[in-house]
Amino acid sequence: MAATSRQASSVSPDAPAPVIVAIDGPSGTGKSSTSRAVAAKLGLSYLDTGAQYRAITWWMLTHGIDVRDAEAVAAAADRPEILSGTDPAEPTITVDGTDASGPIRTQEVTGAVSAVSAVPAVRTRITELQRAIAAGAPTGIVVEGRDIGTTVLPDADLKIFLTASPEARAARRGGELKGSGGRPVDLDATREALLRRDAADAGRKTSPLRKADDAVEVDTTELTLEQVIECVVTLIEEKQQAR
Ligand SMILES: Nc1ncnc2c1ncn2[C@@H]1O[C@H](COP(=O)(O)OP(=O)(O)OP(=O)(O)O)[C@@H](O)[C@H]1O
Ligand SMILES: Nc1ccn([C@H]2C[C@H](O)[C@@H](COP(=O)(O)O)O2)c(=O)n1
């Protein structure tokens, strides 16, 4: 079992201390798009922790593990090797050496990921990977997920909690699904599916989706993606200047 990040770089001895940024929030609030763009702008690493939970879920599904059986999921939690590439220009995720970036986005994985990620043994395993990756990021890292500010990196230099109305989030997801071709998107069904996943993620016992007490909340409902990126870049630069 191993998990590391691949983003080689050399750091000068005079370089500022790495900056650790935690971005959490419900589904479709813009965590991935914002985190990736902010990391690219500031020369930081980027980690999509949802992709890791999706990767372990995909492994369970492809290895015949019943994802509703928490004991079976826990017993297998250490078996897959999950490797995250943290270059924001080209984030990658492999499971046992296989590129999983496509398969982890299927409806089957989306429908099972909340159950798998609620299993404490899975969270322990994935949290260890996340902390190791963050500790090894040469200039710092933007880590996005559900429990980064509360559990994974409680000492992060900056914590952000993104929100947006369910209608705005459904419309954004609808735009993505439409872009991928196929039938017209049912926005009500998309909204209900988002809310169901939020409820499962916020309702689990271990490390639920929650805003950290010291997180800055940014409501993105009325903001463009560019505005959100600019807002987060400014917050990080302010933190860096204050150090
Ligand atoms: N402020 C915004 N305005 C309009 N569209 C946005 C905004 N932020 C993100 N989007 C779009 O919304 C969609 C969802 O964004 P993204 O995947 O970044 O959200 P997320 O919070 O990471 O979702 P999930 O938790 O489900 O992975 C993407 O198509 C993205 O381009
Ligand atoms: N820190 C995290 C990140 C993600 N999850 C779980 C819950 C989500 O529904 C799922 C997929 O995440 P997404 O790709 O939509 O960001 O993974 C979690 O429990 N903790």
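Above this text is the structure in question.
Residues numbered from 1 in each chain as written. Chains lettered and ligands numbered in written order. Predicted model: local features only at pLDDT ≥ 70, side-chain atom pairs only at ≥ 80, totals over all residues. Heavy atoms only, no water.

Visitor: Honestly, helix α5 (residues 120-135) in this entry has me stumped. Any pointers?
Guide: In an α-helix, one turn spans 3.6 residues; hence positions three or four apart end up facing the same way. Taking 1.5 Å of rise per residue, 16 residues should cover 22 Å, and α5 covers 22 Å from first to last C-alpha, within 8% of that figure. When α5 is considered as a whole, its buried residues turn out to be V122, R123, R125, I126, T127, L129, Q130, I133 and A134. (Helix = DSSP H or I, 4+ residues; strand = E, 2+ residues; numbered from the N terminus. Expected span 1.5 Å × (residues − 1). Buried < 20%, exposed > 50% of the residue type's maximum accessible area, 1.4 Å probe, protein only.)

Visitor: Help me understand the sheet that holds strand β3 (residues 82-85), please; the structure alone is not making it clear to me.
Guide: Pairing between sheet strands relies on hydrogen bonds along the backbone, with the strands arranged either parallel or antiparallel. In space, the three strands of this open sheet follow the order β3-β4-β5, with antiparallel pairing throughout. Edge strands, defined here as strands with exactly one partner in the open sheet, are β3 and β5 (98-99). In this sheet, strand β4 (residues 92-95) lies alongside β3 in antiparallel orientation, the contact comprising four bridges. Bridge pairing in β4 places S84 opposite I93. Sheet contacts for helix α2 (residues 49-62): β3, β4 and β5; angle to β4, the most-contacted strand, approximately 25 degrees. (Pairing = 2+ DSSP bridges. Contact = heavy atoms within 4.5 Å. Axes fitted to C-alpha atoms, helices over the stretch in contact; angles between N-to-C directions.)

Visitor: It is not clear to me how the side chain of S35 should be interpreted in this structure. Could you clarify?
Guide: Relative to the elements of secondary structure, S35 occurs in helix α1 (residues 31-42). Exposure remark for S35: the relative accessible area of 0% places this residue in the buried category. Sequence-distant contacts of S35, defined by excluding residues within four places in its chain, comprise I23, Y46, V142 and E144.

Visitor: What exactly am I supposed to notice about the site of ligand 1 here?
Guide: Taken together, 17 residues lie near ligand 1, and K31, S32, S33, R173 and E176 sit nearest. Measuring from a nitrogen atom of ligand 1, one finds a side-chain N or O atom of R172 at 3.5 Å. Relative to its unbound accessible surface of 630 Å², ligand 1 loses 80% to contact with the protein. At the level of secondary structure, the elements contributing two or more residues to the shell around ligand 1 comprise α1, α7 (166-179) and α9 (225-242). Across the shell around ligand 1, the residue classes tally to four nonpolar, seven polar and six charged. (Near = heavy atom within 4 Å. Polar contact = N/O pair within 3.5 Å; in protein donor to acceptor, adjacent residues only side chain to side chain. Areas by Shrake-Rupley, 256 points an atom, 1.4 Å probe, with all protein chains shown as cover. Nonpolar A, V, L, I, M, F, W, Y, C, P; charged D, E, K, R; others polar.)

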